[in-house]
Amino acid sequence: MTRPLLPGLQEFSEKLREIWECRQLTNLGHQHAALEGRLSEVLKVQNVSLFNSGTSALMVACKGLSLEGEVITTPFTFPATIHVLAWNRITPVFCDIDPNSMNIDPERLESIVTPRTSGILGVHVFGTPCDVQRIETVANRFGLKVIYDAAHAFGVEIEKKGIGTFGDVSMFSFHATKLFHTAEGGALAFNDGRLVDRIRLLGNFGIKGEERVVLPGINGKLNELQAALGLVVLKYVSRERQKRRRLLHTYKERLRDVEGVILPENVPGVRKSYQFFAVRIDRKKFGRSRDFVYNEFRKFNIFARKYFYPLCSEYPCYSHLPSSDASKLPVANTIAGQVLCLPFYGGLSEDDVGDICSILKSFQRT
Ligand SMILES: *Cc1c(COP(=O)(O)O)cnc(C)c1O
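Since we're looking at a predicted model, the values are computed, not measured.

Q: Is there a simple way to explain a nonpolar patch on the surface in this structure?
A: Residues Trp 20, Leu 25 and Leu 225 make up a contiguous nonpolar surface patch of about 310 Å² in total accessible area. Its location among the elements puts Leu 25 in the loop between α1 (9–22) and α2 (30–42).

Q: Quick question: what am I supposed to make of the side chain of Thr 165 here?
A: Relative to the helices and strands, Thr 165 is located in the loop between β7 (161–162) and β8 (169–173). One polar contact links the side chain of Thr 165 to the main-chain carbonyl oxygen of Gly 162, over a distance of 2.6 Å. In contact with Thr 165, other than residues within four places in its own chain, are Lys 44, Val 45 and Asn 191.

Q: Quick question: what am I supposed to make of the layout of surface pockets here?
A: It is a probe the size of a water molecule, rolled over the atoms, that shows where empty space is left. The space that makes up the largest pocket amounts to roughly 610 Å³. Taken together, 32 residues line the largest pocket, and the ones lying closest to its centre are Thr 128, Pro 264, Glu 265, Asn 266 and Val 267. Listing elements by their share of the lining of the largest pocket, those giving two or more residues are α9 (237–255), β13 (270–271) and β14 (277–281). The residue inventory of the lining of the largest pocket, partitioned by class, reads 19 nonpolar, seven polar and six charged. Space inside the second largest pocket adds up to approximately 460 Å³. Every element with two or more residues in the lining of the second largest pocket is listed here: α3 (54–64), α4 (79–87) and β8. Considering only residue class, the lining of the second largest pocket consists of 10 nonpolar, 12 polar and four charged.

Q: For this particular structure, what's the right way to read the site of the ligand?
A: Neighbouring residues of the ligand: 15 residues in total, closest Thr 55, Asp 149, His 152, Ser 173 and Lys 178. Asp 149 is positioned such that a nitrogen or oxygen atom in its side chain is 2.7 Å from a nitrogen atom of the ligand. The separation between an oxygen atom of the ligand and a polar side-chain atom of His 152 is 2.8 Å. About the coverage of the ligand: the protein hides 93% of its 390 Å² of free accessible area. In this structure the site holding the ligand corresponds to the second largest pocket. Elements with a contribution of two residues or more to the shell around the ligand: α3, α4 and β8. A per-class count over the shell around the ligand returns four nonpolar, nine polar and two charged.

Q: So what exactly am I meant to see when it comes to empty space enclosed by the protein here?
A: Following the criterion strictly, the structure yields one cavity of 30 Å³ or more and no others. Of the volumes computed, that of the largest cavity is approximately 70 Å³. With three residues, the top contributor of residues to the lining of the largest cavity is strand β1 (residues 47–51). A breakdown of the residues in the lining of the largest cavity according to their chemical character gives four nonpolar, four polar and two charged.

Q: For this particular structure, what's the right way to read the sheet that holds strand β15 (residues 339–342)?
A: In sheet architecture, strand pairing relies on hydrogen bonds along the backbone and comes in two forms, parallel and antiparallel. Spatial ordering of the open sheet is given by β12-β14-β15, a layout of three strands whose pairing is antiparallel. The sheet is open, and its two edges are formed by β12 (261–262) and β15, each paired on a single side. In this structure, β12 lies alongside β14, joined through two bridges in antiparallel fashion. Note that in β14 the partner of Ile 262 across the bridge is Arg 280. In the packing of α9 onto the sheet, contacts are made with β14 and β15, and the angle to β14 comes to roughly 20°.

Q: Could you clarify how one ought to interpret the packing of aromatic side chains in this entry?
A: According to the stated counting rule, one finds 16 aromatic pairs in the structure shown. With a centroid separation of 5.7 Å and an interplanar angle of 85°, the aromatic rings of Phe 76 and Phe 308 are classed as edge-to-face. Placement of Phe 76 in the loop between β2 (70–73) and α4 and of Phe 308 in the loop between α11 (290–299) and α12 (330–336) is noted, with a sequence separation of 232 residues between them. Take Phe 76: its relative accessible area is 0%, and that puts it in the buried class. On the accessibility criterion, Phe 308 (6% relative accessible area) is buried. Ring centres of Tyr 307 and Phe 308 lie 5.1 Å apart, and the angle between their planes is 25°; this geometry places the pair in the stacked category. Here the aromatic cluster, defined as three or more aromatic residues joined through ring pairs, consists of Phe 76, Phe 126, Phe 276, Tyr 307 and Phe 308. For Lys 178, the ring lying beneath its charged end belongs to Phe 78, and the centroid distance is 5.9 Å. If you follow Arg 288 out to its NZ or CZ, it ends over the ring of Phe 292, 4.0 Å from the centre.

What counts, and at which threshold
- Residues numbered from 1 in each chain as written.
- Predicted model: local features only at pLDDT ≥ 70, side-chain atom pairs only at ≥ 80, totals over all residues.
- Heavy atoms only, no water.
- Patch = residues over 30% accessible without salt bridge, like charges linked within 9 Å, V, L, I, M, F, W, Y side chains within 5 Å.
- Areas by Shrake-Rupley, 256 points an atom, 1.4 Å probe, with all protein chains shown as cover.
- Salt bridge = Lys/Arg side-chain N within 4 Å of Asp/Glu carboxyl O.
- Helix = DSSP H or I, 4+ residues; strand = E, 2+ residues; numbered from the N terminus.
- Polar contact = N/O pair within 3.5 Å; in protein donor to acceptor, adjacent residues only side chain to side chain.
- Contact = heavy atoms within 4.5 Å.
- 1 Å grid on protein atoms, 1.4 Å probe; cavity = no way out; pocket = protein on both sides within 12 Å on 5 of 7 lines; lining within 4 Å.
- Points joined across faces, edges and corners; volume = space filled by probe spheres on them.
- Nonpolar A, V, L, I, M, F, W, Y, C, P; charged D, E, K, R; others polar.
- Near = heavy atom within 4 Å.
- Sits in = over half its atoms within 2 Å of the grid points.
- Pairing = 2+ DSSP bridges.
- Axes fitted to C-alpha atoms, helices over the stretch in contact; angles between N-to-C directions.
- Phe/Tyr/Trp six-rings, centres within 6.5 Å; stacked < 30°, edge-to-face > 60°.
- Buried < 20%, exposed > 50% of the residue type's maximum accessible area, 1.4 Å probe, protein only.
- Lys NZ or Arg CZ within 6 Å of the ring centre and 35° of its normal.

Structural data, given as C-alpha cells:
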C-alpha cells in the first residue's frame, strides 16, 4: 500500500560523514538539533521535541501533561494511540466518530465527560483535522487537556496554521510508512515553552545533570543516524507531495461516478497530508462488501489495507470497557466495515492508478 521515501544512498552517506567525523552517535547531537529546528519551520510550530518513535512521544505527552483517570479518545485509530493510555494507567473512554471526518464526534463529547476525565486524545485520521475548535470549547469548559495524535497529519495546516499548534501537545510519527520519516521516529509539537524542559527530561531518563535525576523518564531519544536520515528525506517531501497530489486527482477522477465508492472530501481551508488514500465501500450501493474488494484485489497483486479494522474497542484488552459497547459506537462500527486504503505513494504511475480503478470497477455488482 505504501513504499518509504528514500533519498539517494550517496546523498545519505555524505550526511553520515558528518557523524563519523564528530563521533557522536546519539544523546541529542548536532543532527538532532538541526532536525528539530527544520521541523519547527516545516510544521509551523514553536517547539518540536524529537523521539525514537511516535509511540514513545505519545507516552511522554501523557506523562508531561499529567493525564490520569479517564481520557476520551476514538476507537478508529492505530493500536498505539490507545495502548499509550494503558501504559500510563489511564482508562480509555471511546467516543463515537463523525461519519465525514471519521474523527471524534464533538457532538458526543460532553455527554461522556465524568469527574475522572482529565483529557481528550483526538486523532487526525488520514490527515483530516479533528474539529479542533469545538474540542477546545469542550476542553475549556471542563478543564481538560487536549492531545492530538497527528501521525497522519505531517504538513497539515488549517487556514495556514500548523496542525501541531492546536491542543496542548501533538504527536507526529516518523515511521517508515509515514510520508516524512526517519525509519523509526517521532516528535511532540507544542506552543507552550514551559513544557520544553519537562518533555525533554521525560524522554531522557529524567537526567538533568551528571548527578541529578529529577523525573521518571524513559529512553525516548532519536539517534544521530536517524536524525541525519530525516534531514535528507525532508528535502524530498515536497516533491513526494506533488506526485501524490496528482495520483489523488487521478483516483478521484476515475472513481467519481462509481456508485457505492465513497471518496475522501476536500475540507475547505485545509492543507492536505497526502498520507493515505482511503475510500469507503458501501455494500448496498456497490453490490460487494469491503472484504470482498480487499480479497479480490489480492488476486491482482494489489495490496490494500483495512485501516482501521478491527476497532480498538474490539481488542480483547479493551472490549470489556463500558465505552466499548458496539451499540454506543454505531458510526465507528459501520465505517470500520467499509474503509479501505488503496496503494498511494509517489512511485506509482498514473497508469497504475488507472489499472487499480478499472479493477475496482470490475468488482461492482449492480
Ligand atoms: C504510525 C502511527 C502511530 C505510531 O507511531 P510509531 O512512530 O510507529 O510509534 C500512532 N498513531 C497512528 C494514528 C499512527 O498511524
